[in-house]
Amino acid sequence: MTWRATVLTLFPEMFPGPLGVSLAGRALASGLWGLEARDIRDSATDRHRSVDDTPAGGGPGMVLRADVLAAAIDAVDAAADRPRLVMSPRGRPLTQSRVAELAAGPGPLIVCGRFEGIDQRVIDARGLEEVSIGDYVLSGGEIAAMALIDACVRLLPGVMGKLESSTDESFSAGLLEYPQYTRPQTFEGRPIPEVLLSGDHGKVAAWRLGEAEALTEARRPDLWAARPAQTIRAKGESQKTPKNKTDG
Ligand code: ADE
């Protein structure tokens, strides 16, 4: 069975959007994965096709109705056998390991929130997993869903060449990527680091690891503290001062 994402949204016209071009788009066109965007409003039952209402207990904005969203979920084929996600800033932060799990399965059903939120009872009753793509608030879940789908699609067999996929390993090892350079050899007075032109693969690899470690320590103390034991530098090994100490 082909990996497939089913998106429940009030704005199906947003899809495929950026997923229709470049790597994901070419793979979509060649049938390596499938995308289905369904309009939640099609599951409304009243004359006005209303999908939302005012929050119980008062407060601003509108809340997506449990009955309408549940009907939309239940209308999706094999919904019960697929991961059921809802994009939300209050979800668990998305990680590369969760992305890899989702890419290895049949493909998720993804609910995109809008308004002030979704009635909690449908989240509970349909076992929706709340997923966040970062600590900032988007105006809806669609762009977050696209980010999640893109991250999964590039891991599907046949989507990416071997060359590109090798770059994942550095992130999977819990380090940020080392800096890259290409021609010209000097740009505005800045030369390419000499070691990269040395032809010594061992030295190049050691330099890259040092850069990746320094960058990770400076920018992502959370990743640095959580890095796997085997990547922890041996004591007394030479270490560069991170150039990016001021990066916050
Ligand atoms: N919807 C709005 N903001 C979001 C975020 N940061 N992550 C996932 N879904 C969202």
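What counts, and where the lines are drawn
- Residues numbered from 1 in each chain as written.
- Predicted model: local features only at pLDDT ≥ 70, side-chain atom pairs only at ≥ 80, totals over all residues.
- Heavy atoms only, no water.
- UniProt positions renumbered as here; feature names shortened; annotations may be inferred.
- Axes fitted to C-alpha atoms, helices over the stretch in contact; angles between N-to-C directions.
- Helix = DSSP H or I, 4+ residues; strand = E, 2+ residues; numbered from the N terminus.
- Parallel < 35°, antiparallel > 145°, perpendicular 65-115°, else oblique.
- Contact = heavy atoms within 4.5 Å.
- Nonpolar A, V, L, I, M, F, W, Y, C, P; charged D, E, K, R; others polar.
- Near = heavy atom within 4 Å.
- Polar contact = N/O pair within 3.5 Å; in protein donor to acceptor, adjacent residues only side chain to side chain.
- Core = buried A, V, L, I, M, F, W, Y, C linked by side-chain atoms within 4.5 Å.
- Buried < 20%, exposed > 50% of the residue type's maximum accessible area, 1.4 Å probe, protein only.
- Pairing = 2+ DSSP bridges.
- Lys, Arg positive; Asp, Glu negative; His and termini not counted.
- Salt bridge = Lys/Arg side-chain N within 4 Å of Asp/Glu carboxyl O.

- Labelled according to an unreviewed UniProt entry, the protein chain appears under the name tRNA (guanine-N(1)-)-methyltransferase, originating from Rhodopseudomonas pentothenatexigens.
- In its Sequence similarities (unreviewed entry) section, the UniProt record describing the protein chain reads: "Belongs to the RNA methyltransferase TrmD family."
- Per UniProt, the comment on the protein chain under Function (unreviewed entry) is "Specifically methylates guanosine-37 in various tRNAs."

### Quick notes on the packing of helix α3 (residues 96-104) against helix α5 (residues 142-153)
Point 1. Interaxial distance between α3 and α5 falls to 8 Å at its minimum, and their mutual angle equals 70°. The orientation of α3 with respect to α5, classified from their angle, is roughly perpendicular. Here V99, L102 and A103 of α3 lie close against α5, whose contacting residues are L148, A151 and C152.
Point 2. Looking at the contact of α3 with α5 residue by residue, the classes come out as six nonpolar, no polar and no charged.

### Structural notes on the site of the ligand
Point 1. Taken together, M87, S88, P89, V131, S132, I133, G134, Y136, V137, L138, G140 and A144 form the complete shell of residues around the ligand.
Point 2. Between the ligand and S88 there is a distance of 3.1 Å, counted from a nitrogen atom to a backbone nitrogen or oxygen.
Point 3. One of the backbone N or O atoms of I133 is found 3.0 Å from a nitrogen atom in the ligand.
Point 4. If you list the elements that add at least two residues to the shell around the ligand, you get β5 (84-93) and β8 (129-132).
Point 5. In terms of residue count, β5 provides more of the shell around the ligand than any other element does, three residues in total.

### As for the nonpolar core
Point 1. Counting 26 residues, the largest nonpolar core has W3, W33, L148, I149 and V153 as the members making the most contacts within it.
Point 2. Secondary-structure elements contributing two or more residues to this core are β1 (4-9), α1 (22-29), β5, α3, β6 (109-112) and α5.
Point 3. In terms of residues, this core owes the most to one element, α5, which gives eight residues.
Point 4. The residues touching V153, leaving out its near neighbours within four places in the chain, are W3, A24, W33 and V159.
Point 5. Core analysis: the second largest hydrophobic core is formed by 21 residues, L8, L10, I73 and I123 among them.

### What about the UniProt feature "binding site: S-adenosyl-L-methionine" (unreviewed entry) in the protein chain?
Point 1. Here, the residues flagged by UniProt with the feature "binding site: S-adenosyl-L-methionine" (unreviewed entry) are G113, I133, G134, D135, Y136, V137 and L138.
Point 2. Owing to a relative accessible area of 12%, G113 belongs among the buried residues under this scheme.
Point 3. Ignoring anything within four residues of it in the chain, the contact list for G113 reads M87, I118, G140, G141 and E142.
Point 4. Tracing the chain through its elements places D135 in the loop between β8 and α5.
Point 5. Relative accessible area serves as the criterion here: at 80%, D135 is assigned to the exposed category.

### Structural notes on the sheet that holds strand β3 (residues 52-53)
Point 1. Spatially, three strands are ordered β3-β4-β7 in an open sheet, and the strand pairing comes out mixed. Two strands bound the open sheet, and with one partner strand each, they are β3 and β7 (117-118).
Point 2. Sheet topology places strand β4 (residues 63-64) next to β7; two bridges connect them, and they run parallel. Note on β7: the bridge partner recorded for L64 is I118.

### A short note on the side chain of D52
Point 1. Looking at the secondary structure, you find D52 in strand β3.
Point 2. The buried charged residue D52 lacks any salt bridge partner; its closest oppositely charged side chain belongs to R41, at an N-O distance of 5.7 Å.
Point 3. Apart from residues lying up to four places away in sequence, D52 is in contact with M62, V63, L64, R65 and F115.

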